[in-house]
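As a plain string of letters, each chain reads:
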Amino acid sequence: MQYDLYIVLCQVVSATSPSLKNREKYPLTVQSNYETSIVTPAKVAFIKSMGWKRVAMVNERIDSFLQTSQELTLLLIREGISVLANEIVTDFDDASEQIKSLIRHDARIIFTETYAGSRAKLMCQAYRFGLWGSKYVWMLPGFTEVNWWVDHVEETSCTFEEMDKLTSSSHFIVLSPAIYSNPNLASINFNGLRLSKQQITDMHELQSNANIGINAYIGIFYDSCMSLVLALNSSARDLAALNKSLEDFQYSDFQIANIINDNLIKVNFVGLNGHMSFNSDGTRSSNIAIRQVQYANGVHEWHDILKFSISTNNITEVENETFFWQKGFTPVDGKTEILKVVQINRLSRITLYTLTSFGICLSLFFSVINVVYRHKRAIKISSPKLNNFISSGSLLLYTSIYLFGQDTSNLSDNYIFVLCKARLAFICIGFSVTFGALFMKTYRIHVIFHEAVKKFKRVSMRDSKLILGVLIPVVIDVLILGVLIIVTDSDISTHRFEAQLDITKPDAEVYIVPVVEFCTSSYQLYFSVAIYGVKAVLLTFGVFLAWETRNIRVSELNDSKYIAISVYTVAVILAVLIPSLNVIFLDVNLYFIILATALIFINTTVLCLVFLPKTLLLWKSQGKDIRITMMTDNNMTLDTTSGVAVNKLVNNRNKEEHLQTILYEKQQRLKYLQAAYADILRRGRKV
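Residues numbered from 1 in each chain as written. Predicted model: local features only at pLDDT ≥ 70, side-chain atom pairs only at ≥ 80, totals over all residues. Heavy atoms only, no water.

This part covers the overall build of the protein. When helices and strands are tallied, the protein shows 18 helices and 19 strands. Counting over 687 residues, the protein shows a buried share of 45%. Across the protein, contacts joining residues at least 24 apart in sequence account for 73% of those joining residues at least 6 apart. With the model as given, the accessible surface of the protein reaches about 36100 Å², and the carbon-plus-sulfur share is 57%. (Helix = DSSP H or I, 4+ residues; strand = E, 2+ residues; numbered from the N terminus. Buried < 20%, exposed > 50% of the residue type's maximum accessible area, 1.4 Å probe, protein only. Contact = heavy atoms within 4.5 Å. Areas by Shrake-Rupley, 256 points an atom, 1.4 Å probe, with all protein chains shown as cover.)

Counted according to the given criterion, the structure contains 2 disulfides. The disulfide bridge from C124 ends at C158, spanning 2.0 Å between sulfur atoms. As the torsion about the S-S bond is roughly 95°, the C124-C158 disulfide counts as right-handed. Residue C124 is found in helix α5 (residues 116–128), and its partner C158 is found in the loop between β4 (137–140) and α6 (160–169); the two are separated by 34 residues along the sequence. Among the residues examined, C158 registers a relative accessible area of 6% and is labelled buried. Note that C420 is cross-linked by a disulfide to C519, the S-S spacing being 1.9 Å. (Disulfide = S-S within 2.5 Å.)

Tracing the backbone through its elements, the reader meets F426 in helix α13 (residues 413–453). Residues in contact with F426, not counting those within four places in the same chain, are L396, L397, T399, S400 and L403.

Side-chain pairs of opposite charge can arise where the charged atoms are in close proximity. Under the definition given, this model contains 10 salt bridges. Put simply, K535 and D477 hold a salt bridge, and the shortest N to O gap is 2.5 Å. You can see K535 sitting in helix α15 (residues 524–548) and its partner D477 sitting in helix α14 (residues 463–487), a full 58 residues away along the chain. Where salt bridges share partners, they join D106, R108 and E509 into one cluster. (Salt bridge = Lys/Arg side-chain N within 4 Å of Asp/Glu carboxyl O.)

This part covers helix α9 (residues 254–265). Given a rise of 1.5 Å per residue, 12 residues ought to cover 16 Å, and the 16 Å separating the end C-alpha atoms of α9 matches this to within 8%. Among all positions of α9, only I256, A257, I259, I260, N261, N263, L264 and I265 are buried. (Expected span 1.5 Å × (residues − 1).)

The subject of this paragraph is the packing of aromatic side chains. A complete count under the given rule lists 16 aromatic pairs for this structure. Note on F46 and F323: the rings are 5.9 Å apart at their centroids and 45° apart in plane angle, and the pair reads as tilted. Remark: F323 occurs in the loop between β12 (314–317) and β13 (336–341) and F46 occurs in helix α2 (residues 40–49); sequence separation between them is 277 residues. By the burial criterion, F46 is buried, and F323 matches it. Geometrically, the ring pair formed by F365 and F366 is tilted, given 5.7 Å between the ring centres and 50° between the ring planes. Using a relative accessible area of 2% as the deciding quantity, one classes F366 as buried. An aromatic cluster of three or more residues is present, and its members are F46, W52, F323 and W325. (Phe/Tyr/Trp six-rings, centres within 6.5 Å; stacked < 30°, edge-to-face > 60°.)

This part covers helix α4 (residues 96–104). Because each turn of an α-helix spans 3.6 residues, side chains separated by three or four positions in sequence point in the same direction. Taken as a whole, α4 has its buried residues at S96, Q98, I99, S101 and L102. On its buried side, α4 packs onto β1 (54–60), β2 (82–89), β3 (109–111) and α5. D106 sits one or two residues past α4 and shows a positive phi near 55°.

What follows covers a negative patch on the surface. Together, E145, D151, E154 and E155 make up a negatively charged patch on the protein surface. When you line up the elements, E154 lands in the loop between β4 and α6. (Patch = residues over 30% accessible without salt bridge, like charges linked within 9 Å, V, L, I, M, F, W, Y side chains within 5 Å. Lys, Arg positive; Asp, Glu negative; His and termini not counted. Charge placed at Lys NZ, Arg CZ, Asp CG, Glu CD.)

What follows concerns the confidence of the model for the protein. The share of residues in the protein with pLDDT of 70 or more is 83%, and the mean pLDDT across the chain is 80. For the protein, the element scoring lowest by mean pLDDT is helix α1 (residues 2–9), at 42; β3 scores highest, at 96. Confidence over residues 1–13 falls short of pLDDT 50; this stretch has 27 contacts with residues more than four positions distant or in other chains. The low-confidence segment residues 629–646, where pLDDT is below 50, has 39 contacts with residues more than four positions distant or belonging to other chains. (pLDDT = per-residue confidence, 0-100.)

Once that is clear, we can look at the side chain of T144. Tracing the sequence through the fold places T144 in the loop between β4 and α6. Looking at T144, the relative accessible area reads 1%, which means it is buried. For T144, the side chain forms a polar contact with the main-chain oxygen of P141, separated by 2.7 Å. (Polar contact = N/O pair within 3.5 Å; in protein donor to acceptor, adjacent residues only side chain to side chain.)

So, on to the environment of G192. Within the secondary structure, G192 is located in the loop between β6 (189–190) and β7 (193–194). Distance in space between the C-alpha atoms of G192 and F269 is 8.8 Å, their sequence separation being 77 residues.

Tracing the chain through its elements places N59 in strand β1. On the basis of relative accessible area, N59 is assigned to the buried category, the value being 1%. Filtering out sequence-adjacent residues up to four positions away, N59 remains in contact with L66, S69, N86, E87, I88, V89, F111, T112, E113 and T114.

This paragraph deals with the sheet that holds β12. Strand order across the open sheet formed by 8 strands is β2-β1-β3-β4-β5-β10-β11-β12, with mixed pairing between neighbours. Single-partner strands in this sheet number two, and they are β2 and β12. Averaged over all pairs of adjacent strands, the angle between their axes in this sheet comes to 25°, without regard to strand direction. Sheet analysis places β3 next to β4, joined by 3 bridges and oriented parallel. Looking across to β4, one finds that I109 is bridged to V137. Across the sheet, helix α3 (residues 63–78) lies against β1, β2 and β3, angled at about 170° from β1, the strand it touches most. (Pairing = 2+ DSSP bridges. Axes fitted to C-alpha atoms, helices over the stretch in contact; angles between N-to-C directions.)

This paragraph deals with the nonpolar core. Counting residues in hydrophobic clusters, the biggest one holds 45 residues, and the most contacted among them are I390, F435, L438, F439, V570, F592 and V606. For this core, the elements supplying multiple residues, two or more each, are α10 (346–372), α12 (384–404), α13, α14, α15, α16 (559–583) and α17 (588–621). Every residue in contact with F435, bar those within four places of it in the chain, is listed here: V570, I602 and V606. Counting 30 residues, the second-largest nonpolar core is a separate cluster that includes A120, M123, C124 and W148. (Core = buried A, V, L, I, M, F, W, Y, C linked by side-chain atoms within 4.5 Å.)

A positive phi angle, near 55°, is found at D106, a position not held by glycine. Here D106 is to be found in the loop between α4 and β3. Positive phi outside glycine occurs at N313, with the angle close to 60°. Secondary-structure assignment places N313 in the loop between β11 (299–309) and β12.

Following this line, the structure appears as structure tokens:
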């Protein structure tokens, strides 16, 4: 009857299947050996402690292995660790496809739940395909023996030497409950009952003769029997309180069975395999040992390197133990690619920022001259209000250089979006303001020459009309940019260049991948065409005006000549610049150098051609009246002195025309009188 009782309470003593902890299906079953799933949290904690982010799995098609693998996969993914591949093998005589999959995914940290014979075949094929060596870490089942492959070499296509080379050159890690041979037999304590010296000697002999090692089934069976003994002792006392005894047990009496099972769960002692206790689900409590097979002096040995506490979920080091890694460095979980945003060369940025700052100072200097001396004739005659627009637009273009040179490596996507829009706005509006004002100055000269000089008509060109002409392209730019910001979906695209190995840490297999970031949008092509179209029309208008006023010469000021030079310079540079930038946009440094240099040159050229002659004239005249002579294409000369303007000349011409009309009428009247007088004389003779 007692034998039958043992069968009921301890149906298995060494099974590790996680399905046995199902209390509805196995209510009276306890596992004196560890249950495999308790190792799962330790595996995840170990992977995280090593800094590995990618693992792979290859398992034997056995339900308990697949269940363990499934639980591990879910926990790994939950912790942000990628499972590159999860291979299942049925026929280990041909696992080539599974091996190729691991190689294709560049798997370095590989979990395998397999029996020794199947694992030997798997490793042999891994050897054939090169999936071995210092780069690989194989995570083996907790029940793996230290020389698991020796008895199965003949089952593989590899020689003993090849398998020995594989196991000696690769890394093998095992995580298993620390419930194996207790090295301190004097610590054995069966709830106050300690071993005598003779019993300790017998126990030591038992361990030695059994050669327990990691596969300590004898110790597990011994501690299982002691668990039952202690549980029965406790149950006898509980049954006595109910006026029952163990002899009253029947298979149909679940009351006694439950009492015995409850006392079995409460067992807590130090046995031949260390601490012995059970969890409420019937699984054995234990900390987890993290072991490595280390090869030294021709011998493979297990070394406990780390311990994982299930209660605290922490990993601690074992004193005087450390991992042995081939080549002296910790294996990595694969090639690590670090994206590095390509930035502008520091020297280029400093140089061009310095030149830009000089240009801004120059623009501000000319602006101050233009405002302070706006009432002086040397400045007044050159449209100071339009000059203010030119200097303001130049400031926007200079500022855009700072925006294009901004380091974006540490900026958020939202900030980069704003930066991209700001770059576009500053350069578009700055161009329209600067050259719109410049072309309006040319338009004024064009109108004065063709209307006032050639046709001698009164011309009224107020600054308000000219400023309106400047604002028209600016308003168009604002509308286009507004639609671009509101309607389109912006995104940051990247272009990856060839990865480069970090030679400072070659063993870590860290590859630096240079990337170029640039803003894109769903309708970028259409908006680019619209913006370029507006600028092309504006520039064409300027070229036309420059051509129309090419033969006008204005002494001292000579605005038309300088404006024409500015227009031609800008047109030529932009005709070369825009296609070039579209070709080299991936070369961030060269792109910035060319763009910034072009903007600085264009801005500075326009400022000097527009403002420098007037500044020099102001300095030469020292505030005195100046004489300005306009030369037309037919060498007609018009002088203005002491405030005599072209409109006065037009008034004089009108008076002259009026006098000529009166003279003509008088001449016609005289002819009429002469004819009448001649007729009277002819009639008098006849009488």
